[in-house]
Amino acid sequence: MAGKSARVIVNALLTVLKVERISQSFLRIYFSSDKHLTVNPLWICPHLKLLFADPTTGTITFPQLDENNKIVVNDKIRGLARSYSIRGYDEASNQIFIDFDIHPQGLASLWAQQAKVGDQVGLVGSVGKLEFSGQPLILIGDIAAVPSICYTLEHLPNNQQVYAFMEVNDRSDIMPLANNSNSQVNWFIRDKTKPNQLVDAVIAADLPPYEDLLFSGGMESSLAQQLRHAIKDKCPDINADAVQIISYWREGFAEGEFRRRD
Ligand SMILES: Cc1cc2nc3c(=O)[nH]c(=O)nc-3n(C[C@H](O)[C@H](O)[C@H](O)COP(=O)(O)OP(=O)(O)OC[C@H]3O[C@@H](n4cnc5c(N)ncnc54)[C@H](O)[C@@H]3O)c2cc1C
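Owing to the predicted nature of the structure, the values given are computational and were not obtained by experimental measurement.

**Q** How should I be thinking about the overall build of the protein chain in this particular structure?
**A** Along the backbone of the protein chain there are five helices and 16 strands. Rg of the C-alpha trace for the protein chain: 18 Å, near the compact-globule value of 18 Å for 262 residues, within the 12% margin. Across its three principal directions, the C-alpha atoms of the protein chain cover 50 × 45 × 35 Å. Residues classed as buried in the protein chain amount to 34% of the 262 residues present. Counting only contacts in the protein chain whose residues sit at least 6 apart along the sequence, the fraction spanning at least 24 positions is 73%.

Here it is, written out as structure tokens:
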């Protein structure tokens with residue numbers, strides 16, 4: 001079973017260096033960081049907690065650590081925090097880039113659409129919930145997880161076998177990836193007439209024996225629920241820890257207003 005990692009709190013300030021529209025759905029934003037980030041090369045789908053400025057005061061207030069080194073987050077800070085994946089990280093220059101899926105509402109999406117060189121956002125810390133362990137990996141996601149899955153596919157250890165299934169909004173959102181004989185990548189374009197295409201493809205795929213597999217992914221909440229049930233139906237004896245499918249977002253709810261696993 002893949003190991004679990006702790007998150008690393010840095011409370012860093014990120015400064016926008018460049019904004020690029022890379023596809024219909026994605027804005028890629030490059031940042032410098034005023035503090036060194038920890039990104040363990042073994043992390044699967046490493047992600048970050050971004051902290052946006054209070055819209056009334058314009059200030060970014062970082063959470064503090066208590067005497068037991070535990071992070072103290074109040075409701076105000078929670079309402080200004082959003083999860084994003086590392087799409088690229090250069091340790092030497094301490095620069096990162098993040099791909100923001102653009103949707104009509106939302107603190108982060110609106111911030112990204114207006115972002116310009118010199119703007120700042122807080123970074124609470126970096127997190128890697130799972131680590132590569134050689135166990136065959138099935139990565140599944142909708143548009144919000146495309147950045148984390150692409151990053152992971154680009155950083156596979158030698159001999160790590162992976163099957164990826166991604167559903168995007170538009171053909172332009174399909175990201176170019178280098179060929180790797182250890183990975184099989186399947187792209188789908190969202191189609192209202194085929195609402196189950198992602199789940200159906202995962203369930204129909206010719207995968208190694210499921211006792212060995214680790215399923216990991218992120219997507220809209222109802223899709224995540226449907227996928228977890230379908231995996232459980234296909235693999236009734238699978239260990240619960242081997243199915244790490246979480247809600248990256250939920251239709252009609254802001255981050256923090258729903259649970260990652262319902
Ligand atoms: C571990 C993790 C990593 C993630 N990595 C990324 C990433 O790299 N890139 C990325 O774009 N997202 C990523 N997400 C998803 C992102 O955190 C959510 O989409 C988040 O809700 C966006 O915040 P917001 O302020 O724009 O919208 P919120 O204020 O949270 O929500 C406002 C409204 O927008 C809707 N909404 C939120 N997200 C979407 C969406 N993707 N499509 C359509 N409508 C939406 C909500 O349903 C709500 O009605 C990640 C989530 C997790 C948990």
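Having put the structure on the table, let's press on.
**Q** Can you walk me through the domain arrangement of the protein chain in this structure?
**A** With domains assigned, the protein chain is organised as domain 1 (8–127) and domain 2 (131–249). The C-alpha-based centres of domain 1 and domain 2 are spaced at 24 Å. Listed per partner, the contact involves 15 residues of domain 1 and 18 residues of domain 2. Of all the secondary structure elements, the ones that give two or more residues to the side of domain 1 that touches domain 2 are β3 (43–44) and β9 (95–101).

**Q** I keep staring at the site of the ligand and nothing clicks. Help me out?
**A** Residues in close proximity to the ligand total 28 residues, the closest being Ser85, Asp101, Gly106, Ser109 and Ala254. If you list the elements that add at least two residues to the shell around the ligand, you get β7 (81–85), β9, α2 (107–114), α3 (146–154) and β16 (243–249). Residue composition of the shell around the ligand, grouped by class: 12 nonpolar, 10 polar and six charged. There are two domains that each give the shell around the ligand at least three residues, and those are domain 1 (8–127) and domain 2 (131–249).

**Q** How do you make sense of unusual backbone geometry when you look at a structure like this?
**A** Residues apart from glycine generally show negative phi values, whereas peptide bonds are mostly found in trans. With a phi angle near 50 degrees, Cys45 is a residue other than glycine that sits in the positive phi range. Checked against the element boundaries, Cys45 lands in the loop between β3 and β4 (47–51). For Cys45, a count of 24 C-beta atoms within 10 Å gives the class buried. Unlike most non-glycine residues, Asn94 shows phi in positive territory, near 60 degrees. Its location among the elements puts Asn94 in the loop between β8 (88–90) and β9. Residue classification places Asn94 among the partly exposed residues on the basis of 15 C-beta atoms within 10 Å.

**Q** Is there a simple way to explain the sheet that holds strand β13 (residues 162–168) in this structure?
**A** Two modes of strand pairing occur in sheets, parallel and antiparallel, and in both the strands are linked by backbone hydrogen bonds. The parallel open sheet is built from five strands, whose spatial order is β14-β13-β12-β15-β16. The open sheet has two free edges, formed respectively by β14 (183–189) and β16, since each of these has just one partner strand. For this sheet the average axis-to-axis angle between neighbouring strands, irrespective of direction, equals 10 degrees. The pairing of strand β12 (residues 137–141) with β13 spans five bridges and is classified as parallel. Along β13, the bridge assignment pairs Gly141 with Met166. Sheet contacts for helix α5 (residues 221–234): β12, β15 (214–220) and β16; angle to β16, the most-contacted strand, approximately 165 degrees.

**Q** It is not clear to me how the nonpolar core should be interpreted in this structure. Could you clarify?
**A** One broad rule of soluble globular proteins: the nonpolar side chains tend to lie buried together. Ranked by size, the top nonpolar core spans 61 residues in total, and within it Ile138, Ile140, Val146, Ile149, Ala164, Phe215 and Leu227 carry the most contacts. Element by element, the count of residues in this core is highest for β13, at six residues. A domain split of this core shows at least three residues from each of domain 1 (8–127) and domain 2 (131–249). Setting aside residues up to four positions removed in sequence, Ile140 forms contacts with Phe165, Leu198, Val202, Phe215, Gly217, Leu227 and Ile245.

**Q** I would appreciate a short explanation of the environment of Ser183 in the present structure.
**A** Relative to the helices and strands, Ser183 resides in strand β14. We classify Ser183 as partly exposed; it has 19 C-beta atoms within 10 Å. Once residues lying within four places of it in the same chain are set aside, the contact partners of Ser183 are Leu153, Leu156, Val162 and Ala164.

**Q** How do you make sense of the sheet that holds strand β10 (residues 120–127) when you look at a structure like this?
**A** Here we have seven strands laid out as an open sheet, ordered β7-β4-β10-β1-β2-β9-β8, and antiparallel in their pairing. Two strands close off the open sheet at either side, each with one partner strand: β7 and β8. Sheet twist, expressed as the average angle between the axes of neighbouring strands with direction ignored, equals 35 degrees. Sheet topology note: the β8/β9 ladder contains three bridges and is antiparallel. Bridged to Gly88 within β9 is Phe97.

Conventions we followed
Residues numbered from 1 in each chain as written. Predicted model: local features only at pLDDT ≥ 70, side-chain atom pairs only at ≥ 80, totals over all residues. Helix = DSSP H or I, 4+ residues; strand = E, 2+ residues; numbered from the N terminus. Rg over C-alpha atoms; globule rule 2.2 N^0.38 Å. Buried ≥ 20, exposed ≤ 12 C-beta atoms within 10 Å, placed from the backbone. Contact = placed C-beta atoms within 7 Å. Domains from an automatic or database assignment. Near = placed C-beta within 6 Å. Nonpolar A, V, L, I, M, F, W, Y, C, P; charged D, E, K, R; others polar. Pairing = 2+ DSSP bridges. Axes fitted to C-alpha atoms, helices over the stretch in contact; angles between N-to-C directions. Core = buried A, V, L, I, M, F, W, Y, C linked by C-beta atoms within 7 Å.

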